[in-house]
Amino acid sequence: MGTVVSFDLADNLPEATLTAMIGDVCRWLHEVDHRFSTYRDDSEVSRLRRREIEAADYSPDLRHVLEACADLWRSTDGYFDAYAAGPLDPSGYVKGWSVEVASARLAAAGSMHHCISAGGDIRARGLSATGAPWRVGVRHPWEADKLSWVLAVTDAAVATSGVYERGDHVFNPRTGQPARGLRSVTVVGPDLALADAYATAALAMGEPGLGWLAKLAPDGYESAVVTDDGRAFTSPGLPAV
């Protein structure tokens, strides 16, 4: 899906075991890319966009993703919209979901201390090799060599949505225009699929997204935001160091 995924496994396990674990999750991520990439003409999503497959023929994964996107559309008042730019594009959910599943597969195989990074989205479990929580830097939205925040996380996901790398790729579904008002939105919580989608939805909302993000804290989702005019906001429970 046009991004690089890196793995840091801090478990005291044989190298061959760790290598086999990474091989398994890499195969899973390639399977996700083959099924959901909007850049591949032969992907299941591309075939669906061309109306070449019927609902009865959807794979279980595609069915799950479509249902999850519909649920998020409802819970975000339409601001998370897999159709915001026109044709179906579930990438705003799929990347986070695929990494969340990859982390669960590593845990099921015995890796309880790992960190997966996918294009700025992080899923961490346990502790780093130093025995301390994983430290995650949130990039400054204007100065690429600086950080806005450093987070310390153990069993958590960190997702950032912004316009500083890919430009106008998030749209306000109310106006059909590129999102304005927020430069960068980071969400920290227990599930990367939801954290990623929430960050995208808040970015689409613009400044009203600040109030919406605050309502997510009781469910375990904290946030950090930089506005287009350079103001910074964080929720009280953000694990910043």
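Note that the coordinates shown come from a computational prediction; the quantities given were computed from them, not determined experimentally.

> How should I be thinking about the overall build of the protein chain in this particular structure?
Looking only at helices and strands, the protein chain has six helices and eleven strands in total. Whereas a compact globule of 241 residues would reach a radius of gyration of roughly 18 Å, the protein chain reaches 18 Å, a difference of no more than 12%. Taking the principal axes of its C-alpha atoms as reference, the protein chain extends roughly 50 × 45 × 35 Å. Going through the 241 residues of the protein chain one by one, you find that 46% of them count as buried. Pairs at least 24 residues apart make up 59% of the contacts formed inside the protein chain by residues separated by at least 6 positions. A distance of 3 Å separates the average location of the 22 positive side-chain charges in the protein chain from that of its 32 negative side-chain charges.

> Would you mind going over the sheet that holds strand 9 (residues 182-189) with me for this structure?
Picture the strands of a sheet paired through backbone hydrogen bonds; they go either parallel or antiparallel. Read across the sheet, seven strands follow the order 1-2-3-6-9-10-11 without closing on themselves; strand pairing throughout is antiparallel. Either end of the sheet is taken by a strand with one partner, and the two such strands are strand 1 (5-9) and strand 11 (232-234). Taking each pair of neighbouring strands and ignoring which way they run, the sheet shows an average axis angle of 10°. Of the pairings in the sheet, the one linking strand 3 (residues 121-125) to strand 6 (residues 156-162) comprises three bridges and is antiparallel in character. Among the inter-strand pairings, isoleucine 122 is bridged to a residue of strand 6, identified as valine 158.

> When you look at helix 5 (residues 192-205) in this model, what are you seeing that I'm missing?
Think of an α-helix as 3.6 residues a turn; residues three or four steps apart then line up on the same face. Across its 14 residues, helix 5 extends 20 Å between first and last C-alpha, which sits within 8% of the 20 Å expected from 1.5 Å per residue. Extensive coverage of helix 5 is indicated by the burial of 13 of its 14 residues. Two or three places before alanine 193, at the start of helix 5, stands the capping residue aspartate 191, its side-chain oxygen 2.9 Å from that residue's backbone nitrogen. Just beyond helix 5, the residue with positive phi is glycine 206, at close to 80°.

> Quick question: what am I supposed to make of helix 4 (residues 91-108) here?
The first and last C-alpha atoms of helix 4 sit 25 Å apart over 18 residues, in line with the 26 Å expected at 1.5 Å per residue. Taken together, the buried positions of helix 4 are Tyr93, Val94, Lys95, Gly96, Trp97, Ser98, Val99, Glu100, Ala102, Ser103, Leu106 and Ala107. Residues of helix 4 that are buried make contact with strand 1, helix 1 (15-36), helix 3 (60-75), strand 2 (114-118), strand 3 and helix 5. Glycine 110 occupies a position one or two residues after helix 4 and carries a positive phi of about 115°.

> Would you mind showing me how to read the nonpolar core here?
It is characteristic of soluble globular proteins that their nonpolar side chains tend to be buried jointly. Core analysis: the largest hydrophobic core is formed by 53 residues, its most contacted members being Phe36, Tyr93, Trp97, Val185, Val187, Trp212 and Leu213. Per-element accounting of this core gives the leading share, eleven residues, to helix 5. Formed by 15 residues, the second largest nonpolar core is a distinct cluster that contains Ala124, Trp149, Ala224 and Val226.

> I tried to follow the pattern of salt bridges on my own but got confused; where do I start?
Scanning the model with the defined rule gives 13 salt bridges in all. Salt bridges here are not isolated pairs; linked through shared partners, they connect Glu31, Arg35 and Glu44.

> Please explain the environment of alanine 68 as it appears in this structure.
Relative to the helices and strands, alanine 68 is located in helix 3. Taking relative accessible area as the criterion, alanine 68 reaches 12% and is therefore assigned buried.

> Would you explain the packing of aromatic side chains in this entry?
Centre-to-centre distance and the angle between the planes together describe a pair of aromatic rings. Evaluated as defined, the whole model comprises five aromatic pairs. On the basis of an interplanar angle of 80° and a centroid distance of 5.7 Å, the ring pair of tyrosine 198 and tryptophan 212 is categorised as edge-to-face. Placement of the pair is tyrosine 198 in helix 5 and tryptophan 212 in helix 6 (residues 208-214), with a sequence separation of 14 residues. In this pair, the class of tyrosine 198 matches that of tryptophan 212, namely buried. Ring geometry for tyrosine 198 against tyrosine 221: centres 5.2 Å apart, planes inclined by 85°, an arrangement best described as edge-to-face. Within this pair, whereas tyrosine 198 is found in helix 5, its partner tyrosine 221 is found in the loop between helix 6 and strand 10 (222-227), the two being separated by 23 residues in sequence. Residue tyrosine 198 shares its accessibility class with tyrosine 221, and that shared class is buried. Members of the aromatic cluster, each reached through a chain of ring pairs, are Trp28, Phe36, Tyr93 and Trp97.

> In this structure, what is going on with unusual backbone geometry? I would like to understand it.
The phi angle at arginine 51 is positive, at roughly 60°, despite the residue not being glycine. Secondary-structure assignment places arginine 51 in the loop between helix 2 (44-49) and helix 3. Note on arginine 51: relative accessible area 75%, which makes it exposed. Backbone geometry places aspartate 77, a non-glycine residue, at a positive phi of 60°.

Each value, and the rule that gives it
Residues numbered from 1 in each chain as written. Predicted model: local features only at pLDDT ≥ 70, side-chain atom pairs only at ≥ 80, totals over all residues. Heavy atoms only, no water. Helix = DSSP H or I, 4+ residues; strand = E, 2+ residues; numbered from the N terminus. Rg over C-alpha atoms; globule rule 2.2 N^0.38 Å. Buried < 20%, exposed > 50% of the residue type's maximum accessible area, 1.4 Å probe, protein only. Contact = heavy atoms within 4.5 Å. Lys, Arg positive; Asp, Glu negative; His and termini not counted. Charge placed at Lys NZ, Arg CZ, Asp CG, Glu CD. Pairing = 2+ DSSP bridges. Axes fitted to C-alpha atoms, helices over the stretch in contact; angles between N-to-C directions. Expected span 1.5 Å × (residues − 1). Polar contact = N/O pair within 3.5 Å; in protein donor to acceptor, adjacent residues only side chain to side chain. Core = buried A, V, L, I, M, F, W, Y, C linked by side-chain atoms within 4.5 Å. Salt bridge = Lys/Arg side-chain N within 4 Å of Asp/Glu carboxyl O. Phe/Tyr/Trp six-rings, centres within 6.5 Å; stacked < 30°, edge-to-face > 60°.

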